[in-house]
Amino acid sequence: MLALISPVDALVRAVRLVSRWAARLIGLLLLAVVVMVIVEVVSRKLLSHSFEGVQEYAGYVLAILSSWGLSHTLVERAHIRIDVGYSKLPMAARAALDLLSILAVNLVGWMIVIYAWPVFSGSLSNHTTANTPLSTPLWIPQLVWVLGYTWFALSAAVLAIRALLAAIGRDSATIRTLIGMGHDADQLEAADLKASETDNITPGGKS
């Protein structure tokens with residue numbers, strides 16, 4: 001078991017690093033799109049000149065952002081999750097729900113990958129181009145788009161494997177750190193530990 005944990009931990013660190021840099025790169029692309037849109041609007045209003053392709057490439061960037069941003073959001077535990085009743089459950093039950101959630105994420109992620117790759121391969125084999133003045137070959141943005149979803153699915157798989165190893169070792173803390181409810185879960189856990197320590201305090205000191 002210990003022999004498996006070390007390489008999987010290395011994979012988790014690699015997933016977090018790649019996802020973080022991908023998010024930064026996509027953020028820069030989004031800023032570039034914002035600048036392009038501003039310049040295009042100003043040029044159209046003041047100079048009566050419009051730049052072709054700004055809206056088209058803005059759409060491509062948003063599609064790429066939607067796929068590559070998922071992995072970073074996942075490893076940072078920033079996805080929206082419904083926590084009704086979660087805070088009232090014992091630690092073991094919370095860990096079980098966290099495991100269920102990461103398995104569900106894997107199911108969704110890999111289903112997207114299964115259906116997204118044929119879209120890319122169809123555009124590539126048919127030489128499909130965008131129905132725009134630029135006639136952009138659609139396989140180019142679709143390749144980056146589908147790679148983002150593939151990376152998301154791989155990231156979810158790595159987190160699921162590490163979480164399952166932690167569950168086998170009854171390591172609820174690692175499960176919470178990897179796939180818990182984010183900062184709210186950390187604060188909740190700290191409150192539980194503080195309350196437990198308070199209960200153990202006796203007039204003569206800690207029991």
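Right above here is the structure, for reference.
Since the model is a prediction, treat every value here as computed from it, not as a measurement.

Colleague: Sorry if this is basic, but what is going on with the nonpolar core here?
Modeller: Looking at soluble globular proteins, one finds that nonpolar side chains tend to be buried together. Judged by nonpolar contacts, the single largest core of 22 residues is most densely connected at W68, L74, I102, L159, I175 and I179. Counting only elements with at least two residues in this core, the list comes to α1 (2-46), α2 (54-75), α3 (91-126), α4 (139-168) and α5 (172-179). Of the residues forming this core, the biggest block, 8 residues, is contributed by α4. Setting aside residues up to four positions removed in sequence, L159 forms contacts with V12, L74, V75, I102, L178 and I179. Listed in part, the 7 residues of the second largest apolar core include V113, A116, F120 and V146.

Colleague: What is the right way to look at a nonpolar patch on the surface in this model?
Modeller: A contiguous nonpolar surface patch, about 500 Å² in accessible area, is contributed by V34, I38, V42, L46 and L47. Mapped onto the secondary structure, V42 falls in helix α1.

Colleague: Explanation requested: the packing of α4 against α5 in the structure shown.
Modeller: When two helices pack together, their arrangement is given by the angle between the helix axes and the distance between those axes. In contact at an axis separation of 8 Å, α4 and α5 are set at 160 degrees when each is read in the N-to-C sense. Classified by the angle their axes make, α4 and α5 are roughly antiparallel. Considering how the two elements wind past one another, α4 and α5 form a crossing that is left-handed. In contact with L159, R162, A163, A166 and A167 of α4, α5 contributes T174, I175, L178 and I179. Residue composition of the contact of α4 with α5, by class: 7 nonpolar, 1 polar and 1 charged.

Colleague: How should the pattern of salt bridges be read in this particular structure?
Modeller: Oppositely charged side chains may form a pair once their charged atoms are brought near each other. Scanning the model with the defined rule gives 3 salt bridges in all. With a shortest N-O distance of 3.6 Å, E76 and R20 are connected by a salt bridge. Separated by 56 residues along the polypeptide, E76 in the loop between α2 and α3 and R20 in helix α1 bring together distant segments of the chain. For R20, a relative accessible area of 28% gives the class partly exposed. Across the salt bridge formed by E40 and R44, the nearest N and O atoms sit 2.4 Å from each other. Here E40 and its partner R44 are both found in helix α1, 4 residues apart, which amounts to about one turn of the helix.

What counts, and where the lines are drawn
- Residues numbered from 1 in each chain as written.
- Predicted model: local features only at pLDDT ≥ 70, side-chain atom pairs only at ≥ 80, totals over all residues.
- Heavy atoms only, no water.
- Core = buried A, V, L, I, M, F, W, Y, C linked by side-chain atoms within 4.5 Å.
- Buried < 20%, exposed > 50% of the residue type's maximum accessible area, 1.4 Å probe, protein only.
- Helix = DSSP H or I, 4+ residues; strand = E, 2+ residues; numbered from the N terminus.
- Contact = heavy atoms within 4.5 Å.
- Patch = residues over 30% accessible without salt bridge, like charges linked within 9 Å, V, L, I, M, F, W, Y side chains within 5 Å.
- Areas by Shrake-Rupley, 256 points an atom, 1.4 Å probe, with all protein chains shown as cover.
- Salt bridge = Lys/Arg side-chain N within 4 Å of Asp/Glu carboxyl O.
- Axes fitted to C-alpha atoms, helices over the stretch in contact; angles between N-to-C directions.
- Parallel < 35°, antiparallel > 145°, perpendicular 65-115°, else oblique.
- Left-handed = near helix turned anticlockwise from the far one by under 90°.
- Nonpolar A, V, L, I, M, F, W, Y, C, P; charged D, E, K, R; others polar.

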